[in-house]
Amino acid sequence: MIMPRDAMQRTSSGSWQLALGTVSFAVCFAAWGLISAFAPRFREAFHLTATQTAFLVAVPVLLGALLRIVTGMLADRFGGRLIFALLMVIVAFPAFLVPGVGTYTHLLVVAFFLGIAGSSFAVGVGFVSRWFPPEKQGGALGVYGLGNIGQSAAVFLGPVLAAVVGWQNIFRGAAALLVVWGIAFYVLARNSPKTVRPSGLGEMLALLARERLSWALSLFYFLTFGGFVAFSIYLPVLLKDQFGLKPADAGFRTAGFVVLATLARPLGGWLSDKIGGARVLNAVFLATAPLALLMSWPSMLPFTVGALGCAFLLGIGNGAVFKLVPQYFPKQVGTVTGLVGAMGGLGGFFPPLLLGFFRDHLHAVWPGFLLLSGMAVALWRMNAVVFLPRREKQEIRLPAHLRRTSDRLRAGVTATLFTGFLVAAIVVGSRKLQDFDPALVIYTFAIIFATWGVVYHYRVWLDKPPTRMYWERGWQLFQQQGILRSSVRLVSLAAKNLAAQTFIHKRSPLRWWMHQLIFWGCVTAVLITFPLVFGWISFQTLPDDQNTYVVLVYGFKTMTFPIHSLLAELLFHGLDFSAFLVLGGIALSLWRRFRDRGAQAVQSFALDFLPIILLFAISVTGLALTVSQSWLRGEFYSFLAILHAITVISALLYLPFGKFFHIFQRPAQLGVKLYQEAGESGEPGLCKRCGERFASRMHIEDLKKVLPQVGFDFAVGDGTWQEICPACKRKSLALAQLQLKEESRG
């Protein structure tokens, strides 16, 4: 397919305008970040408290946030080219005045007006987005968001260059750069030929008053961009106060935060183009909650993991939000961007003040991160209620191959995030790998790979229409019936269906014993092995008593026991007991499979014998290691250890793809049980032909929704085939066959 010449010209011109807008955004944000970069210097010069310092770095954010509404409206009316150029020239004046201030009050005033630079974002979004079609706006705005890196350059390079040329010249140089580039932008830039009728002030305010979705997006940006701004401007101070870092080191770490968040922004836009902004934000908010709690840990490694994780997620979230703005408000991009950007700026204004307040009055900053985590959970719920259902309706209308691509991308993102959390948990739980056993590293990598595969497979499975319906209905019923009552019921169902597996006993006592032995053998092995492999549990001897062990859980001493005690034998031979349980279950399984003709008719090597072979190999090689160590003085131990590792790793790699995957599907059965119970006690579904109850109304309505999604149309007259009971279906089919037979005779 050959692209028309005018379309090629628009694409080429749009890329050029995108580059100009991105550079302009970077220049403005560099000026915006200068106060934060030199906040430690101002703190020492004016003898400021933590709260006063936080207020100083937050003041530019305030005006930048409030002006975004105004500059967005002006960009809609007069075009981004003129407004962007004027804005840069105006910002040059307060930047030039900063070196001449002599008091904290005057510095606050000048910093306040320097915040005008922060409103540049709303201008650029309207300027850039109109150069691209809707399906490419997410990626384009993500690239435009790379201009955030200007702030990173200011925070990191500002103090470094100040040592050479003086900090006063940094501000004066920034002022000169703003003027020069403002003129250059006006000369080189062009407004998009695709224009919209600018709204009056009254219409703009009315739009913001009536469109609730714009305020929902504002709250999303309040967290994603506000969190980014808050950390980028306050991290130098926080790292210096919390961990005693030098300004250059704190600036370097802050620059890393900003760069990671900035580079993640185009990824967020690209993912939003592929799977939808609502889907991306769902993962962002859900993952931000635990990472924010990790930052409350008063240790550098957990804080760093949490901060970098939040940087990556907040950057992705920024790109996702501004995929939704032109999608829902194509004719008022500048206006809504102004509102959304203003809320994002305000989101960067309040957190530094709260952190400074908590540090001055509580001598701790963890309450601030607790609030961040709670807000992430609240916004995750809002997105699930407001935007996610709209996205799901759009996906139903997509071609099948696009839905499959979307499902795989979502599954990949979910698996990557989950695996990232596991890696972070291993590092933190093992005390910076201090309690991690390097000899077990190959098992760790195998588990990480298996985790990615299991989560990916599980997410793809959940996205299938029938499974998704059961999943969503299960959670709805859980909430409708009351959390306490539903929790008690789920515990009862779990004990009956997962632990006791009574449904298997109804089929055959032999199969029940087989499943119980294998199930509990594998469960106990996992509970013992995984914490040891991850370094979450470790054993050490006491310094003054080599015959006494101490158990460390996440680095904390929990208990001690003599090395020759019964407890020691049970702990150190727990895996041997698990192996005997598994071998007993395997024996019963083989007994059944060689005698049961029904099982022989449907069994296959891949699904039935390969899992048994893997479990048998793991159990036997594990027991052989114990025999070698206990009775053979370590003979063949190295060979057996390698052989055992091969069997375990093979089983872990097989886990996401083979029969073992049903282990992870089984807990979803609890939701199906809730579904069935609710259907039995709920409104009955009456057959349209005979009027008898044959199913629940909920089940019938859900079938009517799901079957068209998988390509089946059972419409019959004014109803559907699902509204007829099985007996009447058989009668209808028989009558239809008789009628055809009579017609053929006639």
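Residues numbered from 1 in each chain as written. Predicted model: local features only at pLDDT ≥ 70, side-chain atom pairs only at ≥ 80, totals over all residues. Heavy atoms only, no water.

Q: Just give me the short version of the overall build of the protein, but keep the residues and values in it.
A: Regarding its fold elements, the protein presents 33 helices and 7 strands. Its C-alpha atoms give the protein principal-axis dimensions of roughly 100 × 90 × 50 Å. Here the protein holds 746 residues, and 48% of them are scored as buried. Carbon and sulfur atoms provide 68% of the accessible area of the protein, an area that totals close to 36300 Å². Positive and negative side-chain charges of the protein, numbering 65 and 35 respectively, have mean locations separated by a distance of 5 Å. (Helix = DSSP H or I, 4+ residues; strand = E, 2+ residues; numbered from the N terminus. Buried < 20%, exposed > 50% of the residue type's maximum accessible area, 1.4 Å probe, protein only. Areas by Shrake-Rupley, 256 points an atom, 1.4 Å probe, with all protein chains shown as cover. Lys, Arg positive; Asp, Glu negative; His and termini not counted. Charge placed at Lys NZ, Arg CZ, Asp CG, Glu CD.)

Q: So what's going on with the environment of T451? Residues and values would help.
A: Summarising the element assignment, T451 is placed in helix α20 (residues 441–462). Of the residues examined, T451 reaches a relative accessible area of 14% and is grouped as buried. Among all residues touching T451, those that are not within four sequence positions of it are F418, T419 and L422. A polar contact is formed between the side chain of T451 and the backbone oxygen of I447, at a distance of 2.7 Å. (Contact = heavy atoms within 4.5 Å. Polar contact = N/O pair within 3.5 Å; in protein donor to acceptor, adjacent residues only side chain to side chain.)

Q: Please set out the packing of aromatic side chains residue by residue, giving values where relevant.
A: For the structure shown, the criterion picks out 32 aromatic pairs. Seen in terms of ring centroids, F303 and F369 are 6.2 Å apart; in terms of plane orientation they differ by 75 degrees. Their pairing is edge-to-face. With F303 in helix α15 (residues 300–328) and F369 in helix α17 (residues 366–386), the pair connects residues that are 66 residues apart, well separated along the chain. Judged on exposure class, the residue F303 and its partner F369 are both buried. Feature note: the residues F38, F42, W167 and F171 constitute an aromatic cluster, connected by ring pairs. (Phe/Tyr/Trp six-rings, centres within 6.5 Å; stacked < 30°, edge-to-face > 60°.)

Q: Outline the pattern of salt bridges, listing residues and values.
A: The full count for this structure, using the stated rule, is 10 salt bridges. Here R459 makes a salt bridge to D463, at a shortest N to O gap of 3.3 Å. For the residue pair R459 and D463, the accessibility class agrees, reading buried in each case. Each of K688, R697, E701, K704 and E723 takes part in a single network of salt bridges with overlapping partners. (Salt bridge = Lys/Arg side-chain N within 4 Å of Asp/Glu carboxyl O.)

Q: Before we move on, could you go through the sheet that holds strand β3 (residues 556–562) and cite the residues and values that matter?
A: Judged by pairing direction, the sheet is antiparallel, and its 3 strands sit side by side in the order β1-β2-β3 without closing on themselves. One side of each edge strand has no neighbouring strand; the edge strands of this open sheet are β1 (537–542) and β3. Strand-to-strand, the axes of this sheet are offset by a mean angle of 30 degrees, without reference to chain direction. Alignment of β1 against strand β2 (residues 545–553), held across 6 bridges, turns out to be antiparallel. The partner of Q540 across the bridge, within β2, is V550. (Pairing = 2+ DSSP bridges. Axes fitted to C-alpha atoms, helices over the stretch in contact; angles between N-to-C directions.)

Q: For the confidence of the model for the protein, give the residues involved together with the corresponding values.
A: Averaged over every residue, the pLDDT of the protein is 81; residues scoring 70 or more account for 90%. At the level of individual helices and strands, the protein shows its lowest average pLDDT in helix α11 (residues 201–210), which scores 60, and its highest in helix α24 (residues 509–534), which scores 92. Within the model, the stretch residues 1–11 combines pLDDT values under 50 with 3 contacts to residues more than four positions away or in other chains. (pLDDT = per-residue confidence, 0-100.)

Q: Can you explain unusual backbone geometry? Please cite residues and give values.
A: Unusually for a residue other than glycine, H47 sits at a positive phi of about 55 degrees. As for its placement among the helices and strands, H47 is situated in the loop between α3 (39–46) and α4 (50–78). Of note in the backbone geometry, R633 takes a positive phi value of approximately 55 degrees without being a glycine. Mapping R633 onto the fold places it in the loop between α28 (605–631) and α29 (637–654). Note on R633: relative accessible area 83%, which makes it exposed.

Q: Could you give me a rundown of a nonpolar patch on the surface, with the residues and numbers involved?
A: On the surface, V70, L74, F78, L82, L86, I90 and Y186 cluster together into a nonpolar patch covering about 590 Å² of accessible area. Counting residues per element, the ones that place at least two in the nonpolar patch are α4 and α5 (80–97). By secondary structure assignment, the location of L74 is in helix α4. Residue L74 is classed as partly exposed on the basis of its relative accessible area of 31%. (Patch = residues over 30% accessible without salt bridge, like charges linked within 9 Å, V, L, I, M, F, W, Y side chains within 5 Å.)

Q: How would you sum up the side chain of E723? Please name residues and give values.
A: Topologically, E723 is positioned in the loop between β7 (719–720) and α33 (726–745). Apart from residues no more than four positions distant in its own chain, E723 is found in contact with L686, C687, K688, F694, R697, I700 and K704.

Q: Go over α24 with me, naming the residues and quoting the values.
A: For α24, with 26 residues, the first-to-last C-alpha span of 37 Å sits near the 38 Å given by 1.5 Å per residue. For α24, the complete set of buried residues consists of W512, M514, Q516, G521, P531, V533 and F534. Near the N-terminus of α24, the side chain that reaches the backbone nitrogen of L510, with its oxygen 3.3 Å away, is that of S508. One or two steps after α24, the chain reaches G535, where phi turns positive at roughly 80 degrees. (Expected span 1.5 Å × (residues − 1).)

Q: Describe the state of the cysteines, with residues and values.
A: Overall, the coordinates contain 0 disulfides when judged by the stated rule. Cysteine C687 shares no disulfide, and the gap to the nearest cysteine sulfur, in C725, comes to 3.6 Å. Among the residues examined, C687 registers a relative accessible area of 4% and is labelled buried. (Disulfide = S-S within 2.5 Å.)

Q: Can you tell me about the packing of helix α14 (residues 277–295) against α17, naming the residues and giving the values?
A: For the pair α14 and α17, the least separation of the axes is 8 Å and the interaxial angle reads 160 degrees. In this view, α14 runs roughly antiparallel relative to α17, as classed from their interaxial angle. At the point where α14 passes α17, the crossing takes the left-handed sense. Contacts between α14 and α17 involve A278, L281, N282, F285, L286, T288, A289, A292, L293 and M295 from the former and F369, L370, L372, S373, A376, V377, L379, W380 and N383 from the latter. (Parallel < 35°, antiparallel > 145°, perpendicular 65-115°, else oblique. Left-handed = near helix turned anticlockwise from the far one by under 90°.)

Q: With reference to specific residues and values, describe the side chain of R459.
A: Here R459 is to be found in helix α20. The exposure class of R459 is buried, given its relative accessible area of 18%. Other than its neighbours up to four places away in sequence, R459 contacts R279, R410, A411 and T414.

Q: Which residues make up the environment of V305, and what values do they have?
A: Examined against the element boundaries, V305 turns out to sit in helix α15. When the C-alpha atoms of V305 and V428 are compared, they prove to be 8.7 Å apart, with 123 residues separating the residues in sequence. Filtering out sequence-adjacent residues up to four positions away, V305 remains in contact with L291, L294 and A424.

Q: An account of the nonpolar core is requested, with residue identities and associated values reported.
A: Ranked by internal contacts, the top residues of the largest apolar core, which has 120 residues, are F38, F42, L56 and F185. Apart from residues no more than four positions distant in its own chain, F38 is found in contact with G158, P159, A162, W167, I170 and F171. The next biggest cluster of nonpolar side chains, apart from the first, holds 29 residues, and it includes Y443, A450, Y458 and Y654. (Core = buried A, V, L, I, M, F, W, Y, C linked by side-chain atoms within 4.5 Å.)

Q: Any chance you could break down the packing of α14 against α15 for me, citing the residues and the numbers?
A: It is the contact of α14 with α15, at a shortest axis distance of 8 Å, that shows an interaxial angle of 160 degrees. One element, α14, and the other, α15, form an angle in the roughly antiparallel class. Judged by the sense of rotation from one axis to the other, the crossing of α14 with α15 is left-handed. In terms of residue class, the contact of α14 with α15 is made up of 19 nonpolar, 5 polar and no charged. (Nonpolar A, V, L, I, M, F, W, Y, C, P; charged D, E, K, R; others polar.)

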